[in-house]
Amino acid sequence: MQENRLLTLKGRDVIHVRDFTKEEIDRLLELTDEFDQMCRKGRKSKIAEGKILATLFYSPSTRTQFAFQAAMARLGGSNIGWAGTAGTSHEKGEDYSDGVRMMEKFADLIAIRHPQENATQTAADVVGVPVINCGDGDNQHPTQCFLEVYAIKKLRGEIKGFNVSVMGDLLHMRVAHSLVYGLAMYNANTILVSPKELMLPEEITKELKEKYNAKIQLMELDEAIAASDVLYIMPMMEYRFKGEEKAMFEQFKNVYHISLDTLKKAGAKQDLLILAPLPRLDELARDIDNTRHQGYFKMYEYAVPSKMAVLASILGLTE
Ligand code: CP
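Here is what the cut-offs are and how they apply
Residues numbered from 1 in each chain as written. Predicted model: local features only at pLDDT ≥ 70, side-chain atom pairs only at ≥ 80, totals over all residues. Heavy atoms only, no water. Patch = residues over 30% accessible without salt bridge, like charges linked within 9 Å, V, L, I, M, F, W, Y side chains within 5 Å. Areas by Shrake-Rupley, 256 points an atom, 1.4 Å probe, with all protein chains shown as cover. Salt bridge = Lys/Arg side-chain N within 4 Å of Asp/Glu carboxyl O. Helix = DSSP H or I, 4+ residues; strand = E, 2+ residues; numbered from the N terminus. Core = buried A, V, L, I, M, F, W, Y, C linked by side-chain atoms within 4.5 Å. Buried < 20%, exposed > 50% of the residue type's maximum accessible area, 1.4 Å probe, protein only. Contact = heavy atoms within 4.5 Å. 1 Å grid on protein atoms, 1.4 Å probe; cavity = no way out; pocket = protein on both sides within 12 Å on 5 of 7 lines; lining within 4 Å. Points joined across faces, edges and corners; volume = space filled by probe spheres on them. Nonpolar A, V, L, I, M, F, W, Y, C, P; charged D, E, K, R; others polar. Pairing = 2+ DSSP bridges. Axes fitted to C-alpha atoms, helices over the stretch in contact; angles between N-to-C directions. Parallel < 35°, antiparallel > 145°, perpendicular 65-115°, else oblique. Left-handed = near helix turned anticlockwise from the far one by under 90°.

Draft legend 1. Molecular detail of a nonpolar patch on the surface. Taken together, the side chains of I80, M102 and F106 make up a nonpolar region of the molecular surface, amounting to roughly 250 Å² of accessible area. Positionally, M102 belongs in helix 4 (residues 96-104).

This is the structure:
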């Protein structure tokens, strides 16, 4: 524990879950706990006083964007940035990398969401302040993974050895591409549930097995529900299906819809925890909302402390 307290992420970019060791993520989870306690007790922090976070969101977000902004405010710092490029000089033709280079001059760190894969790495390559990937195309959403690992441990008390089913569009959803690394690092058993056309990219499965000795199984819906300690269900997002893939969206848009009836018929465990990245589309019936299975709103109680942990660590404020 003492050694862990000395771990620092000062100055680091947060681009991909694989860039972090389990010990580094452990430290973030420990800090999340500390910030959660602080916020629940109504105590304020000033550790980021004078620091500025730029949130540059080139595509839509509710949870990530505002959790980061609230986290910076709760640390005593300030926020600048945009949600959509209207009103910025991108409208006059300024290109992406010039835009982020300019924001570097005004901020101590930059959080970016962008529709293109690797856009946040591109930003990290041209700016001298830390860059946080808040979702880059179909690629990664690492801080969502940190939150989800924390939420599983907090809401179920454990993650190691748990059966965690990840269900939906595993091909396109960056939240899945991040979470599976967290599950592998924390020795959960990963169960993948999707139509074969929307399976997790092979290069990810290969890396998880080779690098982390991950336990990964494929299952059908009912079998997975019965086996699961945690069920992670993602919405089918139409905008992720491009060009010729659009027919696939029509084919699979209603493929999973989990309700209390589905859980009962499949023989779900009494203490099954259901998590979801949200927004909710048709994947989750509202009759689960007021049951003990519901973790998809509860999880976001920890979103601000989790983002505070990331911000404080990479600003070097936790040493
Ligand atoms: N989970 C998540 O990334 O939500 P937002 O798209 O609302 O940020």
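That covers the picture; the talk isn't over yet.
Draft legend 2. Examining the nonpolar core more closely. Ranked by size, the top nonpolar core spans 92 residues in total, and within it I132, V166, L208, I258, L263, I274 and L311 carry the most contacts. The residues touching V166, leaving out its near neighbours within four places in the chain, are A176, L179, L183, T190, I191, L192, V193, Y232 and M234.

Draft legend 3. Examining the layout of surface pockets more closely. Taken as a whole, the largest pocket spans an internal volume of roughly 460 Å³. Lining the largest pocket are 25 residues; nearest its centre among them are P60, R113, R174, Y239 and R240. Within the residue set of the lining of the largest pocket, elements represented by two or more residues are helix 3 (63-74), strand 3 (109-114) and helix 7 (174-185). Per-class residue counts for the lining of the largest pocket are ten nonpolar, eight polar and seven charged.

Draft legend 4. The arrangement of the pairing of strand 8 (residues 230-233) in detail. Residues V230 and Y232 point to one face of strand 8 and L231 and I233 to the other, with burial holding for every one of them. Bridging between strand 5 (residues 163-167) and strand 8 involves four bridges; their strand directions are parallel. Paired with V164 across the two strands is V230, which belongs to strand 8. In the sheet, strand 8 pairs with strand 9 (residues 273-275) via three bridges, with the strands oriented parallel. Of the residues in strand 9, the one forming a bridge with L231 is I274.

Draft legend 5. Focus on the sheet that holds strand 4 (residues 131-136). Here we have four strands laid out as an open sheet, ordered 2-1-3-4, and parallel in their pairing. Lying at the two open borders of the sheet, with one neighbouring strand each, are strand 2 (78-83) and strand 4. Mean inter-strand twist for the sheet, computed between neighbouring axes without regard to direction, equals 10 degrees. Inspection of the sheet shows strand 1 (residues 52-57) paired to strand 2 by six bridges, in the parallel sense. Its bridge partner lying in strand 2, L53 is registered against N79. Seen against the sheet, helix 12 (residues 303-314) touches strand 1, strand 3 and strand 4 and runs at an angle of roughly 145 degrees to strand 4.

Draft legend 6. Spatial organisation of the packing of helix 6 (residues 142-156) against helix 7. Relative to each other, helix 6 and helix 7 sit at 50 degrees, their axes nearing to 8 Å. Here helix 7 runs oblique to helix 6, going by the angle between their axes. In this structure, helix 6 crosses over helix 7, and the sense of that crossing is right-handed. Between helix 6, through P142, Q144, C145, E148, V149 and I152, and helix 7, the contact on the second element is made entirely by V175, S178, L179, G182 and L183. Considering only residue class, the contact of helix 6 with helix 7 consists of seven nonpolar, three polar and one charged.

Draft legend 7. Focus on the environment of A176. Mapped onto the elements, A176 comes out in helix 7. Placed 123 residues apart in sequence, A176 and M299 show a C-alpha to C-alpha distance of 16 Å. Apart from residues no more than four positions distant in its own chain, A176 is found in contact with V166, L170 and M234.

What is shown is where atoms sit, not what they do.
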